[in-house]
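Residue strings, one per chain:
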Amino acid sequence: MDIVDIGQRLGSVAFELSSQPRVWLAFLFAAAAWLMSMPYLRFVGKKLPPGPPVWPVLGSLAYLGGELHHALWGLSKKYGDVMRVGLGQYTLIVVSSADIAEELMRKRDSEFCHRSGRTIQRSAAKYVGFDSMDIAFSEYNPHLRMLRKLCTSELFTLSRLHASAKVRTGELEVLLGNFRKYSEKGEAIEVREYFHSLTMNIMCLMMFGKRYYGEDVPVTAELNNFKSLIIDVFDNVGRLNLADLVWCMRPFDLQGINKKWKQIRGRCEKLFGLIIEEHRLRRIEGKTLKDDKDDFVDVLLSCQASDNLSDKAIIALLSNMVLGGTDTTATTLEWCMVEIVRNPLMMQRMQEEVDALVGKERGVEEADVAQLPYLTAFVKEIFRLHTPVPITLPRLNESASSLGGFYIPPECTIFVNTYAMAHDERYWDRPLEFNPDRFLGSNINLVGNDFQLVPFGSGRRKCVGIALGMTMVQRTLAALVHSFDFAPQPQASISESYLLVLRNSIPLKVEATPRLPAHVYHTTTL
Ligand code: HEM
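Here is what the cut-offs are and how they apply
Residues numbered from 1 in each chain as written. Predicted model: local features only at pLDDT ≥ 70, side-chain atom pairs only at ≥ 80, totals over all residues. Heavy atoms only, no water. Phe/Tyr/Trp six-rings, centres within 6.5 Å; stacked < 30°, edge-to-face > 60°. Helix = DSSP H or I, 4+ residues; strand = E, 2+ residues; numbered from the N terminus. Buried < 20%, exposed > 50% of the residue type's maximum accessible area, 1.4 Å probe, protein only. Lys NZ or Arg CZ within 6 Å of the ring centre and 35° of its normal. Donors = N, O, S within 2.8 Å, 3.2 Å for Na, K, Ca; no water. Near = heavy atom within 4 Å. Polar contact = N/O pair within 3.5 Å; in protein donor to acceptor, adjacent residues only side chain to side chain. Core = buried A, V, L, I, M, F, W, Y, C linked by side-chain atoms within 4.5 Å. Contact = heavy atoms within 4.5 Å. 1 Å grid on protein atoms, 1.4 Å probe; cavity = no way out; pocket = protein on both sides within 12 Å on 5 of 7 lines; lining within 4 Å. Points joined across faces, edges and corners; volume = space filled by probe spheres on them. Nonpolar A, V, L, I, M, F, W, Y, C, P; charged D, E, K, R; others polar. Pairing = 2+ DSSP bridges. Axes fitted to C-alpha atoms, helices over the stretch in contact; angles between N-to-C directions.

Asks: Quick question: what am I supposed to make of the packing of aromatic side chains here?
Replies: The geometry of an aromatic ring pair is captured by two quantities: the separation of the ring centres and the angle between the planes. Taken as a whole and assessed by the stated rule, the structure comprises 16 aromatic pairs. With a centroid separation of 5.9 Å and an interplanar angle of 45°, the aromatic rings of Phe 179 and Phe 484 are classed as tilted. Pair noted here: Phe 179 is in helix α8 (residues 165-185) and Phe 484 is in strand β8 (residues 484-486), with a separation of 305 residues, a long-range link. The class of Phe 179 is buried, set by a relative accessible area of 0%. A centroid spacing of 5.2 Å and a plane angle of 75° characterise the contact between Phe 378 and Phe 434, whose relative ring orientation is edge-to-face. With Phe 378 in helix α17 (residues 373-385) and Phe 434 in the loop between α18 (418-422) and α19 (466-483), the pair connects residues that are 56 residues apart, well separated along the chain. Considered together, Phe 378 and Phe 434 belong to a single accessibility category, that of buried residues. The aromatic ring of Tyr 182 is capped on one face by Lys 185, whose charged end is 5.2 Å from the ring centroid. Note that Arg 384 overlies the ring of Trp 428, its terminal NZ or CZ placed 5.4 Å from the centroid.

Spelled out as structure tokens, the structure:
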């Protein structure tokens, strides 16, 4: 057989095969597999973290069924505290122990402090983060540092927190008034809606002086726009977007998530843009409120020139705060209520503690909270057992690094499974039990120094709203147990559902009975 003959035969076999679709499919898969394996060839000889198999195109998706924090926790028991997981085209590094979390968020914080469109949150960074002009999706760059500095030196300072206490007091009175209304009618209260309204109103009042939730709020086009926008935001945030994960799906947007986010971004720009304009006009007319009465938009406008702060960055910041500060806090409060009705003796202990400090002739004030050790321990235990944000926001390392002795390739998406650490027998005695006493006499705090419990993260990317979030949770809880007895429900169910925030999938209903003289409650039921 000569060379021409072989050529002809190969040609006819190729022609025959090419007419069969299955062959094309196999070829495409082989090509994809080859392409997918290419990046790993660079790491031959490096000690990569172990992990479940990574398949072409989909990565390890097949091993991530159920709630993500549980799936990753389960895998980490098999593969270890630093684990490599493929998610579509991305390499996730999942950290599940306190010492590796400390290495990541303290020792190597500067290497792993980026977020951005290069993590699995590609579209979120573009649309929700306004092209990474915000805090939560931005790289660790001068713009981000300027925004975080504004938060610590202007927006969340102790003096501004004190000055805005009356906003929170007003909204708390509304909440208590609504609970009383229900108790007078003898009806149970579905708490989720009320905690959502409480935190939304507090955040919006602090940010730009408006409230959108409550029976007294006049129905306007702006109100309807705001509420429907919020529903759309929370329905879509945290969804896994195939168009991000699998590069060949990018042009198709099969789930329609990018289209939805594009619309949401446009609506945010319009709504927050109008609010900024109103504030700007007010400033031009010389009607700026003074110092402590200024809201965040006033403060940000006054820093606009000196800090080179664009309107787009202000809009991005406002949208971060609505996203970061409301659902997290409302969900934590709902978990508090779940444990209160399941544990009536704990409720009683908190009531005795608050009564002893505050008496029954006035309501709880923010300053009281520091003197309530059992209530503080109860709240810490809520953050531990029901970790509201069970996986920290993804971080990214620009260059190759290492964790726990493993080689970490550049541009990995890093998750810290804080839920796994908060439930780990290595750090906690009987970790699945709800037991606030474990924190009495312990120095463990929540601000990012004790890595077995970091519900707000730690290091350069830790939550900017810790003080505000903690104030809202602790004061509201203290006021609720002070003002009402809640009927026990020892069997109240706990069933977790995770979408950015960890909720109880069954909304809780409680029956409340007032326990203070009528004149102590303010009668506002706005
Ligand atoms: C119970 C309430 C809250 C919880 C559990 C919570 C939790 C978290 C967590 C876990 C992170 C990620 C930290 C990391 O990756 O290391 C975070 C980031 C963030 N939080 Fe919170 N948060 C709460 C309240 C708030 C409030 C009240 C605000 C704003 C007013 C806020 C704004 C933010 C922002 C802007 C970020 C991004 C920080 C960055 O990327 O640099 N959070 N939060």
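Alright, that's what it looks like, and here's the rest.
Asks: When you look at the coordination of the iron atom of the ligand in this model, what are you seeing that I'm missing?
Replies: Metal coordination angles have textbook ideals: 109.5 degrees for a tetrahedral set of four donors and 90 or 180 degrees for an octahedral set of six. The protein supplies the iron atom of the ligand with one donor atom, Cys 463 (SG), which lies at 2.3 Å. Position of Cys 463 relative to the elements: it lies in the loop between α18 and α19.

Asks: Any chance you could explain the site of the ligand here in plain terms?
Replies: Close to the ligand lie 24 residues, the nearest being Arg 115, Arg 148, Pro 455, Arg 461 and Cys 463. Arg 115 places a side-chain nitrogen or oxygen 2.9 Å from an oxygen atom of the ligand. One nitrogen or oxygen atom from the side chain of Arg 461 is found 2.9 Å from an oxygen atom belonging to the ligand. Residue assignment for the shell around the ligand shows that the elements contributing at least two residues are α14 (311-325) and α15 (327-342). It is α15 that provides the largest number of residues to the shell around the ligand, a total of three residues.

Asks: Looking at this structure, I do not really get the nonpolar core. What am I missing?
Replies: One recurring pattern in soluble globular proteins is that nonpolar side chains are buried together. Ranked by size, the top nonpolar core spans 119 residues in total, and within it Phe 179, Phe 208 and Phe 486 carry the most contacts. Element by element, the count of residues in this core is highest for helix α9 (residues 191-208), at eleven residues. Residues within four places of Phe 486 in sequence aside, it is in contact with Phe 179, Met 337, Ile 340, Val 341, Met 347, Leu 480, Val 481, Val 510, Glu 511 and Ala 512.

Asks: What's the story with the side chain of Ser 97 in this structure? I'm lost.
Replies: By the element assignment, Ser 97 lies in the loop between β2 (90-95) and α4 (98-107). Ser 97 gets classed as buried once you look at its relative accessible area, which sits at 0%. At a separation of 2.7 Å, a polar atom in the side chain of Ser 97 contacts the side chain of Asp 99. A polar contact of 3.3 Å, which involves the side chain of Ser 97, links it to the backbone nitrogen of Ile 100.

Asks: Sorry, what's going on with empty space enclosed by the protein here?
Replies: Empty space among the atoms becomes visible once a probe the size of a water molecule is rolled across them. In the structure shown here, the tally under the stated rule is three cavities of 30 Å³ or more. The computed volume of the largest cavity comes to approximately 120 Å³. As for the largest cavity, its lining consists of 14 residues, and the residues nearest its centre are Val 233, Ile 264, Cys 268, Ser 319 and Leu 323. Only α10 (221-236), α12 (257-284) and α14 provide two or more residues apiece to the lining of the largest cavity. For the lining of the largest cavity, the leading source of residues is α12, giving five residues. Of the residues that constitute the lining of the largest cavity, the class distribution is twelve nonpolar, one polar and one charged.

Asks: Can you help me understand the pairing of strand β10 (residues 501-504) in this one?
Replies: Each regular strand carries side chains that alternate between the two faces of the sheet. Where strand β9 (residues 496-499) lies against β10, four bridges are found, and the strand directions are antiparallel. Looking at the pairing, Ser 497 lines up with Arg 503 of β10. Where β9 folds back onto β10 in an antiparallel hairpin, the turn is made up of one residue, including Leu 500, whose phi is positive at roughly 70°.

Asks: Looking at this structure, I do not really get the sheet that holds strand β4 (residues 395-396). What am I missing?
Replies: Hydrogen bonding along the main chain pairs the strands of a sheet, whether they run parallel or antiparallel. Spatial ordering of the open sheet is given by β1-β2-β7-β4, a layout of four strands whose pairing is mixed. One side of each edge strand has no neighbouring strand; the edge strands of this open sheet are β1 (82-87) and β4. As defined by bridge partners, β2 adjoins strand β7 (residues 413-416) across four bridges and the pair is classed as parallel. Considered in β7, the bridge of Val 94 is made with Phe 415. Docked against the sheet, helix α3 (residues 68-79) engages β1, β2 and β7, running at close to 130° with respect to β1. Each of β1, β2, β4 and β7 is contacted by α4, which is oriented at about 130° to β7, the strand it contacts most.

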